[in-house]
Amino acid sequence: MSTPNTPHAPLSDAEIDELADLIDLLDERTDVPISLEGVDGFITALACSPRAIPETEYFPVLLDREEGLATVYENEADERRFLALFARRRDEVARALSAPIENLADPRALSPLVMDWEALLADLPRDEATRLRAAGVPPYAQMWAAGFLLAVERWEGDWTLPDGSKDEAFVDEVLDPYYILAAPLEELSTEERDTRREDHLALALWGAYELREFWRDRGQGA
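I will try to describe carefully the structure that is included in this document. Here the structure is a predicted model, which is why all the values come from computation and not from measurement.

As for the overall build of the protein
Phase 1 of the analysis: Scanning the protein from terminus to terminus reveals eleven helices and zero strands.
Phase 2 of the analysis: Traced from its N-terminal end to its C-terminal end, the protein shows the element sequence α-α-α-α-α-α-α-α-α-α-α.
Phase 3 of the analysis: Over its C-alpha trace the protein gives a radius of gyration of 18 Å, about what one expects of a compact globule, namely 17 Å for 222 residues.
Phase 4 of the analysis: Viewed in the frame of its principal axes, the protein has a C-alpha envelope of about 50 × 40 × 35 Å.
Phase 5 of the analysis: Taken across its 222 residues, the protein has 44% of its residues classed as buried.
Phase 6 of the analysis: Each charge sign in the protein was given a centre, from 21 positive and 48 negative side chains, and these centres are 4 Å apart.

Notes on the environment of D158
Phase 1 of the analysis: Within the secondary structure, D158 sits in helix α8 (residues 156-159).
Phase 2 of the analysis: C-alpha of D158 to C-alpha of L110: the two residues are 48 residues apart in sequence and 24 Å apart in space.
Phase 3 of the analysis: If near-sequence neighbours (up to four positions away) are discounted, D158 is found in contact with P50, R51, I53 and W215.
Phase 4 of the analysis: Engagement of the side chain of D158 in a polar contact is seen with the side chain of R51, the distance being 2.7 Å.

Remarks on the packing of helix α7 (residues 142-154) against helix α11 (residues 197-217)
Phase 1 of the analysis: For the pair α7 and α11, interaxial distance at closest approach is 11 Å and the crossing angle is 25 degrees. Classified by the angle between their axes, α7 and α11 sit roughly parallel to one another. When the axes of α7 and α11 are compared, the crossing they make is left-handed. Residues Q142, W144 and F148 of α7 pack against R197, L201, A204, L205 and L211 of α11.
Phase 2 of the analysis: Counted by class, the contact of α7 with α11 contains six nonpolar, one polar and one charged residues.

Regarding the packing of α7 against helix α9 (residues 168-182)
Phase 1 of the analysis: Taken N-terminus to C-terminus, the directions of α7 and α9 make an angle of 125 degrees; their axes are 8 Å apart at the nearest point. Viewed along their axes, α7 and α9 adopt a mutual orientation that is oblique. Two packed elements cross with a definite hand, and for α7 against α9 that hand is left-handed. Where α7 approaches α9, its residues Q142, W144, A145, A146, F148, L149, V152 and E153 are matched on the opposing element by L175, Y178, Y179, L181 and A182.
Phase 2 of the analysis: Along the lines of polarity and charge, the residues of the contact of α7 with α9 split into eleven nonpolar, one polar and one charged.

Topic: the nonpolar core
Phase 1 of the analysis: One finds F82, F148, Y178 and L211 to be the most contacted residues of the largest nonpolar core, which totals 61 residues.
Phase 2 of the analysis: For this core, the elements supplying multiple residues, two or more each, are α1 (13-29), α2 (36-47), α3 (55-63), α4 (76-98), α7, α9 and α11.
Phase 3 of the analysis: Apart from the residues lying within four places of it in its own chain, the contact partners of F82 are L19, L22, I23, L26, F59, L69 and Y73.

Comments concerning the side chain of R88
Phase 1 of the analysis: Tracing the backbone shows R88 in helix α4.
Phase 2 of the analysis: Within the structure, R88 has its side chain in polar contact with the backbone oxygen of A9 (distance 2.9 Å).

So, unusual backbone geometry
Phase 1 of the analysis: Despite not being glycine, D64 has its phi angle at roughly 55 degrees, a positive value.
Phase 2 of the analysis: Residue D64 is classed as exposed on the basis of its relative accessible area of 57%.
Phase 3 of the analysis: A positive phi is found at T71, a non-glycine position, where the angle reads about 70 degrees.
Phase 4 of the analysis: With respect to the element layout, T71 can be found in the loop between α3 and α4.

A few points about the pattern of salt bridges
Phase 1 of the analysis: Taken as a whole and assessed by the stated rule, the structure comprises 14 salt bridges.
Phase 2 of the analysis: Linking R89 and D40 is a salt bridge whose minimum nitrogen-to-oxygen distance equals 2.6 Å. Placement of the pair is R89 in helix α4 and D40 in helix α2, with a sequence separation of 49 residues. Pair check on accessibility: R89 and D40 agree, each one buried.
Phase 3 of the analysis: Measuring nitrogen to oxygen at the nearest pair gives 2.7 Å for the salt bridge that ties D158 to R51. With D158 in helix α8 and R51 in the loop between α2 and α3, the pair connects residues that are 107 residues apart, well separated along the chain.
Phase 4 of the analysis: A single salt-bridge network, built from bridges that share partners, covers E15, E18, R81 and R88.

Calculation notes
Residues numbered from 1 in each chain as written. Predicted model: local features only at pLDDT ≥ 70, side-chain atom pairs only at ≥ 80, totals over all residues. Heavy atoms only, no water. Helix = DSSP H or I, 4+ residues; strand = E, 2+ residues; numbered from the N terminus. Rg over C-alpha atoms; globule rule 2.2 N^0.38 Å. Buried < 20%, exposed > 50% of the residue type's maximum accessible area, 1.4 Å probe, protein only. Lys, Arg positive; Asp, Glu negative; His and termini not counted. Charge placed at Lys NZ, Arg CZ, Asp CG, Glu CD. Contact = heavy atoms within 4.5 Å. Polar contact = N/O pair within 3.5 Å; in protein donor to acceptor, adjacent residues only side chain to side chain. Axes fitted to C-alpha atoms, helices over the stretch in contact; angles between N-to-C directions. Parallel < 35°, antiparallel > 145°, perpendicular 65-115°, else oblique. Left-handed = near helix turned anticlockwise from the far one by under 90°. Nonpolar A, V, L, I, M, F, W, Y, C, P; charged D, E, K, R; others polar. Core = buried A, V, L, I, M, F, W, Y, C linked by side-chain atoms within 4.5 Å. Salt bridge = Lys/Arg side-chain N within 4 Å of Asp/Glu carboxyl O.

Here you go:
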């Protein structure tokens, strides 16, 4: 694939597909389930974290292996390409969270890489859709939220506020939509299940903006 004119260009649809394929290779060669959607949630958490997390820390967490990305890919070209696409997506997410938007329909707003499984299944032949449903498909945005929370919970100490902080309730409230999206459906309250998952996702996205601003106001942040 041709190299983009600038390393900071947003990923094209073709490049998103390429990144997904490279992540599928990671899924095959590591011991934890990894998906494009989950990686994108993880990247989003890095972009609104209380501190800048270096690559030497976050790849071992993402892949659940001390060596991080080392030796996972069979050839260096795949590894370099993955790193380049990952970095560009991370830059893209950070730019989106820095944009002064008023609604999520703004072209500058963060657009998460969330798979709409129901729409995908609706477009498939009936037999194939039935097979995939039987195998189990995740609820909308569940993997994205789980990827985000992987970072929050792994660096819990960074996210923990001093005892007695009046802002602790604020951070907990902002994170609530992520926990709702990541939870098994049977664990949700009736009200949580009755609310559209797209609405929970919208709250989570606004939460990412609020968290980035919150930590920066405290002199912290990625």
